[in-house]
Each structure stands twice: as C-alpha cells, then as structure tokens.
Amino acid sequence: MRLTPARKLVLNLFKGNSSLLCAEDIEKLLKNESIYLSTIYRALEYFEKENVLGKSTINKTAYYYLINGEHHHFMICTNCLARFPIDCEIENMINKNTKRHKFTATSHDLTIYGYCNNCVNLQNN
Ligand SMILES: [Zn+2]
Ligand SMILES: [Zn+2]
C-alpha cells in the first residue's frame, strides 16, 4: 500500500473514528489541510480497492468505514448512521448460484439498511 501525505490524512480520520464518513465529511474535517475534494475521492477509492475501507451507499451518498482487510457486512441505520456488524452467511448462496451459471465470483457486497432501535422508536412517536 502506498501512502501519500493526503492518503495518510484521510486514513488517520478513520483510525480515530468508528463511524461512517463520506467525502464531504472528510473535506470538512480536513479543511485546514487544503486538500481537494477530488483528491479525497481518489484516496477513498484507493483504500476501497486495497480492502482497507468498506463502502455503503446511504441516501445516494457513498459512506466509508474502516475494515482493515477483514470480511465484514453491516446493518446501517439510515437515520443516525449507527452500524452493527453481521456475520457473512451467504457463501452457500454464492456457491449454489455460481455453480448453476458457471460463474466465477470474485467478491460480493451486502449491507442491510433500516432503523436502529432508538430511531425506530422516534419514527413511531
Ligand atoms: Zn439510528
Ligand atoms: Zn460476505
């Protein structure tokens, strides 16, 4: 992994932060570093490709979070962005379908969107 100064700044934000960040959040957090938004986008894409960051799209915005190469799926609250890890139990489904279509799977994606317990109560009141 090649860490340019800009990439290092972006990555450090995730290391001290368990929440999800979008490019605009990062721009705000790094406003004193004079980094272009396009540089932030490229850094995020790079870290996603390197399996350092995971990505989920919420309300049409791409949010990123630290995964450090681990295989993770999450349930994400679309109201407060709280996230909860879930075990990957879809290998069987993948094997069944790849066999049937003679398809070679290289990766997969799964995010469950909804409301956490706090937010679902707010919606009901
Ligand atoms: Zn919530
Ligand atoms: Zn999985």
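## Focus on the domain arrangement of the protein chain
Piece 1. The domain architecture assigned to the protein chain consists of domain 1 (1-70) and domain 2 (71-125).
Piece 2. When each unit is reduced to the centre of its C-alpha atoms, the spacing between domain 1 and domain 2 is 21 Å.
Piece 3. If you look at the interface, domain 1 gives eleven residues, while domain 2 gives nine residues.
Piece 4. Looking only at domain 1, the three residues that lose the most surface to domain 2 are Leu-20, Ile-58 and Glu-70, adding up to 46% of its buried area.
Piece 5. Joining domain 1 to domain 2, the criterion identifies zero salt bridges.
Piece 6. Counting residues per element, the side of domain 1 that touches domain 2 draws most heavily on strand E2 (residues 53-58), at three residues.
Piece 7. In the side of domain 1 that touches domain 2, the residues fall into five nonpolar, five polar and one charged.

## What about the packing of aromatic side chains?
The description of two aromatic rings rests on the distance between their centres and on the angle between their planes.
Piece 1. The tally for this structure, following the rule as stated, stands at two aromatic pairs.
Piece 2. Geometrically, the ring pair formed by Tyr-46 and Phe-47 is edge-to-face, given 5.6 Å between the ring centres and 65° between the ring planes.
Piece 3. Judged by its relative accessible area of 0%, Phe-47 is buried.
Piece 4. Aromatic side chains Tyr-65 and Phe-74 sit 4.8 Å apart centroid to centroid with 75° between the ring planes, which places their arrangement in the edge-to-face category.
Piece 5. The exposure class assigned to Tyr-65 is buried, which follows from its relative accessible area of 4%.
Piece 6. For Phe-74, a relative accessible area of 5% puts it in the buried group.
Piece 7. Between Arg-7 and the ring centre of Tyr-46, over which it is positioned, the NZ or CZ distance is 3.6 Å.

## Quick notes on the environment of Tyr-65
Piece 1. Topologically, Tyr-65 is positioned in strand E3 (residues 61-66).
Piece 2. With 43 residues separating them in the primary sequence, Tyr-65 and Cys-22 have C-alpha atoms 9.0 Å apart.
Piece 3. In this structure Tyr-65 touches Phe-14, Ser-19, Leu-20, Val-52, Leu-53, Gly-54, Lys-55, Ser-56, Phe-74, Ile-76 and Arg-83, once residues within four positions along its chain are discounted.
Piece 4. There is a polar contact of 2.9 Å between the side chain of Tyr-65 and the side chain of Ser-56.

Quick notes on the rules
- Residues numbered from 1 in each chain as written.
- Chains lettered and ligands numbered in written order.
- Predicted model: local features only at pLDDT ≥ 70, side-chain atom pairs only at ≥ 80, totals over all residues.
- Heavy atoms only, no water.
- Domains from an automatic or database assignment.
- Contact = heavy atoms within 4.5 Å.
- Buried area = accessible area lost by both parts, 1.4 Å probe.
- Salt bridge = Lys/Arg side-chain N within 4 Å of Asp/Glu carboxyl O.
- Helix = DSSP H or I, 4+ residues; strand = E, 2+ residues; numbered from the N terminus.
- Nonpolar A, V, L, I, M, F, W, Y, C, P; charged D, E, K, R; others polar.
- Phe/Tyr/Trp six-rings, centres within 6.5 Å; stacked < 30°, edge-to-face > 60°.
- Buried < 20%, exposed > 50% of the residue type's maximum accessible area, 1.4 Å probe, protein only.
- Lys NZ or Arg CZ within 6 Å of the ring centre and 35° of its normal.
- Polar contact = N/O pair within 3.5 Å; in protein donor to acceptor, adjacent residues only side chain to side chain.

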